[in-house]
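Listed here are the chains, written in short residue letters.
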Amino acid sequence: MVFQMNGAEIKTFFEELVEDTPNSVFVYQLMVQAEGRLQRKRNWVSLVKVDATQTATSGDIYTTMKTSPTDLIKPLKLYVGTTLPPYQPIPFQDRIRYKDSPYFYYVDYLNLQFALTGKQGTTATINLYYKHKPTKIAAGITPSWMPEEFRPLIAYEMAHIYQGGVDGDEVNYRMSPVQKSIYKALLDDFIDYDVDLELS
């Protein structure tokens with residue numbers, strides 16, 4: 001059997017760490033929380049995607065909304081055609097302030113839309129590079145955005161949450177910092193790996 005560390009295997013790893021078998025529903029909820037924490041640590045290269053399905057059309061203004069990708073966490077860079085430099089993000093609540101200024105954009109996260117400010121003079125493809133939300137981890141789901149050797153990070157983060165708060169007692173409070181130190185060393189290695197990808 002190939003060991004890939006899907007959700008079920010991460011669950012087993014976690015139970016070995018805490019020497020306990022909490023309710024499965026709770027464990028998977030904890031797993032989703034731990035993976036989300038890890039995803040927010042940085043803009044991991046493996047979470048970056050590009051969407052080129054939207055078009056800037058001549059005559060568009062700051063209220064001409066475009067559809068955001070459904071798996072968008074946050075935008076990273078936006079290009080209109082081959083125009084350089086990339087457009088700069090502004091807060092949604094500042095869209096009126098920048099409505100006549102070109103080369104800016106804002107995101108309406110509630111409605112999964114975005115728009116360019118200023119008045120567009122040409123028609124061109126919008127290339128939106130963004131951090132995406134991968135498929136939620138579950139029993140049969142492998143967190144494929146992480147190399148296999150770093151997937152124990154999720155179990156260690158789960159153990160830290162569980163032992164430090166959810167099921168905290170004198171023994172668990174002593175164990176949690178030890179596991180957190182292992183987690184930190186593994187996280188540092190994962191960050192080094194990611195930096196190498198950025199520079200390659």
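Everything here concerns the structure above.
Just so it is clear, the structure is predicted and the values come from calculations on it, not from any experiment.

What counts and how
Residues numbered from 1 in each chain as written. Predicted model: local features only at pLDDT ≥ 70, side-chain atom pairs only at ≥ 80, totals over all residues. Heavy atoms only, no water. Helix = DSSP H or I, 4+ residues; strand = E, 2+ residues; numbered from the N terminus. Buried < 20%, exposed > 50% of the residue type's maximum accessible area, 1.4 Å probe, protein only. Polar contact = N/O pair within 3.5 Å; in protein donor to acceptor, adjacent residues only side chain to side chain. Contact = heavy atoms within 4.5 Å. Salt bridge = Lys/Arg side-chain N within 4 Å of Asp/Glu carboxyl O. Pairing = 2+ DSSP bridges. Axes fitted to C-alpha atoms, helices over the stretch in contact; angles between N-to-C directions.

Caption draft 1: Fine view of the side chain of Q179. As for its position among the elements, Q179 is in helix α4 (residues 170-199). Residue class for Q179 comes out buried when judged on its relative accessible area of 7%. Here L17 takes part through its backbone oxygen, which lies 3.2 Å from a polar atom of the side chain of Q179. Setting aside anything within four residues of it in sequence, one finds Q179 in contact with L17, Y156, A159 and Q163.

Caption draft 2: Here's a closer look at the pattern of salt bridges. According to the stated counting rule, one finds 9 salt bridges in the structure shown. The partner of R42 in a salt bridge is E198, with the nearest N and O atoms 3.2 Å apart. With R42 in the loop between α2 (24-39) and β1 (48-56) and E198 in helix α4, this pair connects stretches of sequence that are 156 residues apart. Taking relative accessible area as the criterion, E198 reaches 44% and is therefore assigned partly exposed. Here D71 ties to K49 by a salt bridge, and the two come within 2.8 Å at their closest N and O atoms.

Caption draft 3: Layout of the environment of D108. By secondary structure assignment, the location of D108 is in strand β5 (residues 104-108). Separated by 15 residues in the primary sequence, D108 and Q93 have C-alpha atoms spaced 9.4 Å apart. Those residues in contact with D108 that sit more than four places away from it in its chain are M65, F92 and Q113. Of note is the side chain of D108, whose polar atom sits 3.3 Å from the backbone nitrogen of L110. A distance of 2.9 Å separates the side chain of D108 from the side chain of N111, its partner in a polar contact.

Caption draft 4: Region of the structure containing unusual backbone geometry. With phi around 70°, Y103 is a residue other than glycine that occupies positive phi space. Topologically, Y103 is positioned in the loop between β4 (88-89) and β5.

Caption draft 5: Highlighting the sheet that holds β4. Taken in spatial order, the 4 strands line up as β2-β6-β5-β4 in an open sheet, and their pairing is mixed. Single-partner strands in this sheet number two, and they are β2 (66-67) and β4. Direction of pairing for β4 relative to β5: parallel, over a ladder of 2 bridges. Paired with Q88 across the two strands is F104, which belongs to β5.

Caption draft 6: Fine view of the environment of E15. Tracing the chain through its elements places E15 in helix α1 (residues 7-18). Assessed through its relative accessible area of 15%, E15 is described here as buried. Spatially, the C-alpha atom of E15 lies 9.7 Å from that of M158, the residues being 143 residues apart in sequence. Among all residues touching E15, those that are not within four sequence positions of it are D20, T21 and P22. Engagement of the side chain of E15 in a polar contact is seen with the side chain of K11, the distance being 2.7 Å.

Caption draft 7: Layout of the sheet that holds strand β7 (residues 124-132). Pairing is antiparallel across the open sheet formed by 3 strands, whose spatial order is β1-β7-β3. Every other strand in the sheet has two partners, leaving β1 and β3 (72-80) as the edge strands with one partner each. Ignoring which end each strand starts from, the neighbouring axes of this sheet average 30° apart. Pairing of β1 with β7 involves 7 bridges; the strand directions are antiparallel. Looking at the pairing, V50 lines up with Y129 of β7.

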